[in-house]
Amino acid sequence: MTARLLDGQKLSVQLQAEIRPAVAAFTARVGQPPGLAIVLVGNDPASEVYVRNKVRSGQDVGFRVDLERLPATVTLTEVLDTVARLNADDRYDGILVQSPLPAALGRGAEQRVFDAIAVGKDVDGFSPESVGLLVQNRAAIAAGTPSGVIELLEREGIPIAGRHAVVIGRSDIVGKPMALLLLHRHATVTICHSKSVDLPALCRQADILVAAVGRAGLVTPDFVKPGATVIDVGINRVTDRAEAERVLGTGHPRFKVFEEKGSVLVGDVHPSVAEVAGALTPVPGGVGPLTIAMLMRNTLAAAGARHPA
Ligand code: NAD
């Protein structure tokens with residue numbers, strides 16, 4: 001069997017096209033466009049790329065998008081002051097603080113910053129109140145990456161209710177909200193993590209397997225029940241040749257990218273899984289683009305809630 005590829009890039013373009021007219025209607029009705037404020041502290045290269053894509057996508061659908069750059073030397077108090085100012089600013093319907101924050105801000109800084117974002121403007125869905133609403137299945141907004149996975153499954157006609165979903169990873173931004181969103185759609189959900197015993201056997205039970213670990217090529221064919229849907233959330237930069245060979249094999253087209261650039265992005269799922277799975281998201285071009293599209297949808301939803309018709 002060769003898995004059907006689930007094209008997240010194509011769906012993200014479609015989602016953006018769906019959002020655009022709703023943004024135009026909002027702007028005409030309210031007299032200002034939905035506003036998104038993005039806070040970037042320091043200049044982590046990966047964060048720079050993510051933020052650039054978020055600014056571009058927001059502007060593309062017709063939002064006002066303002067980027068607040070703070071130097072890596074900023075204090076936690078200054079970051080919290082920035083969030084407080086954005087909370088009070090009526091031009092912004094959504095606030096996003098790009099993760100990770102510089103380590104120098106100290107342990108727990110990220111949590112304190114997420115805690116400070118007004119729940120109505122929390123378009124990442126990371127604040128404790130947003131998470132509580134998600135647990136109770138009352139959330140209007142949930143984290144972008146797992147929301148994007150649900151959107152993809154539903155639009156691809158992959159049934160969730162009654163199916164066994166296994167999520168590898170229990171982070172606050174992917175694994176846990178992913179498990180909750182699947183549960184709310186009536187899947188039987190197993191959450192696996194770094195201490196799970198016999199991971200391949202647990203994963204082989206899955207009709208829907210979601211890998212959100214951050215370990216290149218961890219999921220091999222022995223993890224996968226024939227015909228299962230496999231969602232690869234992982235984004236891992238491989239810079240070691242032996243690792244690139246292990247994960248891709250020298251014949252893989254992405255291996256050429258490694259040879260040209262000295263690094264390549266790969267998922268948590270080994271490409272050989274395509275021989276066993278029924279459907280599979282590629283990396284890149286799978287879950288990644290959907291995360292940004294769902295952020296746009298969350299911002300529009302937050303704007304609509306702040307300015308009801
Ligand atoms: P994280 O490091 O916060 O969490 C990783 C989880 O994996 C942990 O819960 C841990 O228990 C589990 N884990 C680690 N090693 C394991 C092992 N050997 N077996 C089983 N479980 C193990 O990471 P995260 O923020 O959830 O991100 C996970 C991956 O998803 C990363 O590659 C990240 O880059 C990617 N990601 C992608 C997007 C996107 O838009 N596609 C968004 C967020 C994160």
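Residue indices begin from 1 for each chain and proceed along its sequence in written order. Whole-chain, interface and lining totals are the exception, using all residues; otherwise, since this is a predicted model, local features are given only for residues with pLDDT of at least 70 and side-chain atom pairs are given and counted only at 80 or more. Each side-chain value is worked out from all heavy atoms of the structure, with water and hydrogens disregarded.

A.B. asks: How would you summarise the site of the ligand if you had to cite specific residues and measurements?
C.D. replies: In the vicinity of the ligand, 21 residues are found, and the nearest of them are R170, S171, R215, I235 and T291. What qualifies as a polar contact is a pair of N or O atoms within 3.5 Å, subject to a donor-acceptor requirement within protein and to the restriction that residues adjacent in sequence count only when both atoms come from side chains. A distance of 3.2 Å is found between an oxygen atom of the ligand and a backbone nitrogen or oxygen belonging to S194. The contact in question runs from a nitrogen atom of the ligand to an N or O atom on the backbone of V233, over 3.4 Å. In isolation the ligand has 860 Å² of accessible area, and contact with the protein removes 73% of it. Helix numbers and strand numbers start at the N terminus; a helix is a DSSP run of H or I with at least 4 residues, a strand a run of E with at least 2. A total of 3 residues in the shell around the ligand trace back to one element, the largest contributor, which is helix α11 (residues 287-306). Amino acids outside the nonpolar list (Ala, Val, Leu, Ile, Met, Phe, Trp, Tyr, Cys, Pro) and the charged list (Asp, Glu, Lys, Arg) are all regarded as polar, and Gly is one of them. Among the residues making up the shell around the ligand, the classes are represented as 9 nonpolar, 10 polar and 2 charged. Only a single heavy atom is needed: when it lies within 4 Å of a molecule or strand, its residue is near that molecule or strand. Under the convention used here, a 1.4 Å probe and the Shrake-Rupley method define accessible areas, while residue burial counts only the protein chains that appear.

A.B. asks: A description of the domain arrangement of the protein should follow, citing residues and the corresponding values.
C.D. replies: Accessible area lost upon the coming together of the parts is a frequently used measure of interface size. Domain start and stop positions are those given by an automatic or database domain assignment. One can read the domain layout of the protein as domain 1 (31-126) and domain 2 (144-287). Taking the mean C-alpha position of each, domain 1 and domain 2 sit 28 Å from one another. Throughout, a contact is declared for two residues whenever any of their heavy atoms are within 4.5 Å. Across the boundary between the two partners, domain 1 contributes 4 residues, which contact 4 residues of domain 2. A simple way to read buried area is as the amount of 1.4 Å-probe accessible surface that goes missing from two parts once joined, with both sides added. Between domain 1 and domain 2, a total of about 240 Å² is buried, with carbon and sulfur atoms accounting for 56% of that surface.

A.B. asks: Any details on the packing of helix α1 (residues 8-30) against helix α2 (residues 45-61)? Residues and values, ideally.
C.D. replies: In this analysis an axis means a line fitted to C-alpha atoms, helices contributing only their contacting stretch, and an angle means the value between N-to-C directions, from 0 to 180 degrees. Two elements in contact, α1 and α2, have axes whose closest approach is 8 Å; the angle formed by their N-to-C orientations is 55 degrees. As summarised for this structure, α1 and α2 are arranged oblique, according to the angle between their axes. Of the residues in α2, those touching α1 at Q16, I19, R20 and V23 are S57, D60 and V61. Along the lines of polarity and charge, the residues of the contact of α1 with α2 split into 3 nonpolar, 2 polar and 2 charged. Note on angle classes: values under 35 degrees are labelled roughly parallel, values over 145 roughly antiparallel, values of 65 to 115 roughly perpendicular, and the remainder oblique.

A.B. asks: Which residues make up the nonpolar core, and what values do they have?
C.D. replies: Within the largest apolar cluster, 30 residues are counted, with the highest numbers of intra-cluster contacts made by L153, L182, V210, I231 and V233. For this core, the secondary-structure elements that each account for two or more residues are α1, α6 (144-155), β5 (164-168), α7 (175-184), β7 (208-211) and α11. If one sorts the elements of this core by residue count, α7 sits on top with 5 residues. Only buried Ala, Val, Leu, Ile, Met, Phe, Trp, Tyr and Cys residues count toward a nonpolar core, and they belong to the same one when joined by side-chain atoms within 4.5 Å. In this scheme, a residue with accessible area under 20% of its type's maximum is buried, one over 50% is exposed, and one in between is partly exposed, where area comes from a 1.4 Å probe on protein chains only.

A.B. asks: A description of the sheet that holds strand β3 (residues 64-70) should follow, citing residues and the corresponding values.
C.D. replies: Reading across the sheet, the 3 strands line up as β3-β2-β4 and stay open at both edges, with parallel pairing between neighbours. Each having just a single partner strand, β3 and β4 (94-97) make up the two edges of the open sheet. Shown here is a sheet whose adjacent strand axes are inclined to one another by a mean of 15 degrees, direction ignored. Being paired, for any two strands, means DSSP has found at least two bridges between them. In the sheet, strand β2 (residues 35-41) pairs with β3 via 7 bridges, with the strands oriented parallel. Looking at the pairing, V41 lines up with L70 of β3.

A.B. asks: Can you explain the packing of helix α3 (residues 76-88) against helix α4 (residues 109-116)? Please cite residues and give values.
C.D. replies: Contact pair α3 / α4: the axes reach a minimum separation of 9 Å and the direction vectors enclose 20 degrees. Compared by their axis directions, α3 and α4 come out roughly parallel. When the axes of α3 and α4 are compared, the crossing they make is right-handed. Facing α3, whose interface residues are L76, V79, L80, V83 and N87, α4 presents A109, R112, V113 and A116. The class makeup of the residues in the contact of α3 with α4 is 7 nonpolar, 1 polar and 1 charged. In this scheme the handedness of a crossing depends on how the near helix is turned from the far one: anticlockwise by less than a right angle means left-handed, clockwise means right-handed.

A.B. asks: Before we move on, can you summarise the pairing of β2 with the specific residues and values?
C.D. replies: Along β2, 7 of the 7 residues are buried, which leaves the element largely enclosed by surrounding structure. Taking every second residue as pointing to the same face, both faces of β2 are buried, with G35, A37, V39 and V41 on one and L36, I38 and L40 on the other. Look down the strands so they point away from you; if the path from the first strand over the helix to the second goes clockwise, the crossover is right-handed. In the classification by handedness, the crossover that spans β2, the intervening α2 and the parallel β3 is right-handed.

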